[in-house]
Amino acid sequence: HILVIPSVWYESAPLVLSVEGVMDEAARGEMALMRRHVWTQVPAFKSLESSSSHDRCEAQNAFDRSQSTRWLCAGGDERPSLTLELKQPVPVGEIRLLPALSPDRLARADHFDVPTKVLLVLNGVRKHTLELGREHVLPGTRFELPAPVPLHHLALHVLERERGKGDPGKVGFREIELLRP
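Residues numbered from 1 in each chain as written. Predicted model: local features only at pLDDT ≥ 70, side-chain atom pairs only at ≥ 80, totals over all residues. Heavy atoms only, no water.

Asks: Looking at this structure, I do not really get the overall build of the chain. What am I missing?
Replies: If you tally the helices and strands in the chain, you get 1 helix and 7 strands. Beginning at the N terminus, the succession of helices and strands in the chain can be written as α-β-β-β-β-β-β-β. Of all 181 residues assigned to the chain, the portion counted as buried reaches 41%. Pairs at least 24 apart in sequence give 74% of the contacts found in the chain among residues at least 6 apart. For the chain, the computed accessible surface area is about 10,800 Å², with 54% contributed by carbon and sulfur atoms. (Helix = DSSP H or I, 4+ residues; strand = E, 2+ residues; numbered from the N terminus. Buried < 20%, exposed > 50% of the residue type's maximum accessible area, 1.4 Å probe, protein only. Contact = heavy atoms within 4.5 Å. Areas by Shrake-Rupley, 256 points an atom, 1.4 Å probe, with all protein chains shown as cover.)

So this is what it looks like as structure tokens:
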């Protein structure tokens, strides 16, 4: 026997549900960050290059809004870097760097090399050196710009790193977030 259920379609205004009232404070904070994320306004970039990449851990993984993927440089890359060019300038007030973790996610934060000093170059002229440490691996590093910048070009250079224990020589980021002011 076949049961046939007739379907009925109604045209109406979109239904909007707010879930913020049932979220804890940490989830509300993450949702607020997502609203500030540049990729909600600019879905693609003009170009993205890296000094090298390991296996399938390519440069675009650092900007894909997924913390389960990552960009990793090749093991012999002594000067790892990423260069991003956007199709059009977007206002950026903060940059959040989330270093790469081990394949089994948060269990082994020392698997890959840990970036300890990074140079950010915004639009080819504004240079900012960030001192990082092992304490930044899980939560990431938030760099608030002194004033919002209409960003069209970003270069990131890993200047120094601490050797990893599981897969030394490879360093990178699971996500680089560009946040609006």
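Asks: Where do I start with unusual backbone geometry in this structure?
Replies: Backbone geometry follows two general trends: most residues other than glycine have a negative phi, and most peptide bonds adopt the trans configuration. At Arg-65, a position not held by glycine, the phi torsion is positive, near 65°. Along the chain, Arg-65 turns up in the loop between strand E1 (45-50) and strand E2 (71-72). Look at Asn-123: it is not a glycine, yet its phi comes out positive at around 55°. Along the chain, the position of Asn-123 falls in the loop between strand E4 (114-122) and strand E5 (126-131).

Asks: When you look at the nonpolar core in this model, what are you seeing that I'm missing?
Replies: For soluble globular proteins, nonpolar side chains are generally found buried alongside one another. Grouped together as the largest cluster of nonpolar side chains are 30 residues, with contacts concentrated most on Ile-95 and Ile-176. Ile-176 has contacts with Ala-62, Phe-63, Leu-82, Ile-95, Arg-96, Leu-97 and Leu-156, leaving out every residue within four places of it along the chain. (Core = buried A, V, L, I, M, F, W, Y, C linked by side-chain atoms within 4.5 Å.)

Asks: How do you make sense of the pairing of E4 when you look at a structure like this?
Replies: Look at any regular strand and the pattern is simple: side chains alternate between the two faces of the sheet. Extensive coverage of E4 is indicated by the burial of 8 of its 9 residues. Relative to strand E6 (residues 141-162), E4 runs antiparallel, the two being bridged by 8 bridges. Looking at the pairing, Leu-122 lines up with Leu-154 of E6. Across 6 bridges, E4 lies against E5 in antiparallel orientation. Opposite Leu-122, over in E5, you have Arg-126 as the bridge partner. (Pairing = 2+ DSSP bridges.)

Asks: Mind showing me how you'd approach the pattern of salt bridges here?
Replies: A pair can form between side chains of opposite charge whenever their charged atoms are brought close. Applying the stated criterion to the full structure yields 8 salt bridges. In this structure, Glu-94 and Arg-142 form a salt bridge, with 2.6 Å as the shortest nitrogen-oxygen distance. One end of the pair, Glu-94, is in strand E3 (residues 81-99); the other, Arg-142, is in strand E6, and 48 residues separate them in sequence. Lys-170 is the partner of Asp-167 in a salt bridge, and the nearest nitrogen-oxygen pair spans 2.9 Å. (Salt bridge = Lys/Arg side-chain N within 4 Å of Asp/Glu carboxyl O.)

Asks: I'm lost on the environment of Ser-51 in this one. Help?
Replies: You can see Ser-51 is positioned in the loop between E1 and E2. As for Ser-51 and Thr-83, which are separated by 32 residues in sequence, their C-alpha atoms are 8.6 Å apart. For Ser-51, the residues in contact, after removing those within four places along its chain, are Asp-77, Arg-79, Pro-80 and Ser-81. Reaching out from Ser-51, the side chain makes a polar contact with the side chain of Asp-77 at a distance of 2.5 Å. (Polar contact = N/O pair within 3.5 Å; in protein donor to acceptor, adjacent residues only side chain to side chain.)

Asks: Would you mind showing me how to read the side chain of Asn-61 here?
Replies: On the secondary structure map, Asn-61 appears in the loop between E1 and E2. Once you skip the residues sitting within four places of it in the chain, Asn-61 turns out to touch Arg-56, Ser-66, Thr-69, Arg-70, Trp-71, Arg-174 and Glu-175.

Asks: Explain the confidence of the model for the chain here, please?
Replies: Predicted coordinates in areas of low pLDDT are best not read in detail. Within the chain, residue pLDDT values average 81, and 76% of them lie at 70 or more. Between the elements of the chain, mean pLDDT differs from a low of 71, seen in helix H1 (residues 25-36), to a high of 94, seen in E4. (pLDDT = per-residue confidence, 0-100.)

Asks: Got a minute to help me understand the environment of Ile-95 in this structure?
Replies: As for its position among the elements, Ile-95 is in strand E3. According to the relative accessible area criterion, Ile-95 is buried, its value standing at 1%. The spacing of Ile-95 and Leu-178 is 83 residues in sequence and 4.9 Å in space, taken between C-alpha atoms. What Ile-95 contacts, discounting residues up to four positions off in sequence, is Leu-120, Leu-122, Thr-141, Arg-142, Phe-143, Leu-154, Ile-176, Glu-177 and Leu-178.

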